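# Tertiary structure, described
Here's the letter readout for the chains.
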Amino acid sequence: MRRQLQLIYKILYSHFGPQRWWPAESAFEVMVGAILTQNTNWGNVSRAIDNLRQNKLITPNKLYKLPQERLALLIRPTGYYNIKAKRLREFLRFFLKNYKGSISRISRERIWRLREFLLAIKGIGPETADSIMLYALNKPVFVIDTYTKRILLRHGFISPDFGYAEVQNLFMKNLKPQAGLFNEFHALLVRLAKEYCLKDNPKCHSCPLKGILRA
DNA sequence: CTGCTAGTCTAAGGAATTCT
DNA sequence: AGAATTCCTTAGACTAGCAG
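Residues numbered from 1 in each chain as written. Chains lettered and ligands numbered in written order. Predicted model: local features only at pLDDT ≥ 70, side-chain atom pairs only at ≥ 80, totals over all residues. Heavy atoms only, no water.

### Quick word on the protein's contact with DNA strand C
Around DNA strand C sit Asn 44, Arg 47, Arg 76, Pro 77, Gly 79, Tyr 80, Tyr 81 and Asn 82, and that is every residue in its neighbourhood. The sugar-phosphate share of atoms of DNA strand C within 4 Å of the protein amounts to 57%. At 3.3 Å from a sugar or linking oxygen of DNA strand C is found a side-chain nitrogen or oxygen belonging to Asn 44. In the model, a phosphate oxygen of DNA strand C is placed 2.5 Å from a nitrogen or oxygen of the Arg 47 side chain. At the level of elements, α3 (42-54) and α6 (81-99) are the ones that each hand at least two residues to the surface near DNA strand C. Residue composition of the surface near DNA strand C, by class: three nonpolar, three polar and two charged. (Near = heavy atom within 4 Å. Polar contact = N/O pair within 3.5 Å; in protein donor to acceptor, adjacent residues only side chain to side chain. Helix = DSSP H or I, 4+ residues; strand = E, 2+ residues; numbered from the N terminus. Nonpolar A, V, L, I, M, F, W, Y, C, P; charged D, E, K, R; others polar.)

This is the structure in structure tokens:
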């Protein structure tokens, strides 16, 4: 298993090269993006982030001061904007109250403790929590998403009933806990899913992972 | 019959709430 | 406890209808 995961990483990296995630100007912006990107493609999130940037609103305090309805309007391109405005505010409240909106303060929190806290916020589930930890705070936590599950399923590494934690364990028990590696690995899996491991008509014939199945 | 445009449909993508 | 439903926009694919 360990060797196979390493092999997959190696193949993907040499095929696609480094992905340079996550495109943001600050760690805080990544956090905001992680919530906005729920059930939404990045293009839409990008528009919303632009709206916030243009209004110079990407700081915890400014965003939290904004009335929910105005916030909703600004993040409209991401879809589900009313719900996301609420979720964003829930997170902001937590971040301001416990860490004064400071990245360096929240970074000092121990990993699994912080994860528990994040999961307790209404509107933050496992994927969003892990994205925040890995991509904003550089914590070695492997992010699982539908793309990752789809690839692993098709290659026989998991069955459909595997839950989030089980899939995550597969990676975390078998890889060195390095944020840089987890970051790149997940980004590469997303890239593969978007170009080859499509939902409907997967391009298995030309897929870089063709023939890689669990031994 | 070809080429355009306007309209309709579908895919993509997490978490919470509300059934059964 | 597990399954279904809710929340929404955008891009791209497809279709219908019409003008040339």
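Having seen the structure, we can now continue with the description.
### With respect to the domain arrangement of chain A
We note that the domain assignment places domain 1 (1-20 + 143-206) and domain 2 (27-137) within chain A. With centres defined by C-alpha atoms, the gap from domain 1 to domain 2 works out at 25 Å. Each partner contributes residues to the interface: domain 1 has eleven residues there, and domain 2 has eight residues. When domain 1 packs against domain 2, close to 760 Å² is buried across both sides, 63% of that on carbon and sulfur atoms. On the domain 1 side of the interface with domain 2, the three residues burying the most area are Val 143, Tyr 164 and Asn 183, jointly 55% of the side's total. At the junction of domain 1 with domain 2, the criterion picks out four residue pairs in polar contact (both at pLDDT 80 or more). (Domains from an automatic or database assignment. Contact = heavy atoms within 4.5 Å. Buried area = accessible area lost by both parts, 1.4 Å probe.)

### Structural notes on unusual backbone geometry
For Lys 56, which is not glycine, the phi torsion reads 50° and is therefore positive. By the element assignment, Lys 56 lies in the loop between α3 and α4 (60-65). Phi is positive for Asn 138, which is not a glycine, with a value near 60°. By the element assignment, Asn 138 lies in the loop between α9 (126-136) and α10 (146-154). A relative accessible area of 56% means that Asn 138 is categorised as exposed. (Buried < 20%, exposed > 50% of the residue type's maximum accessible area, 1.4 Å probe, protein only.)

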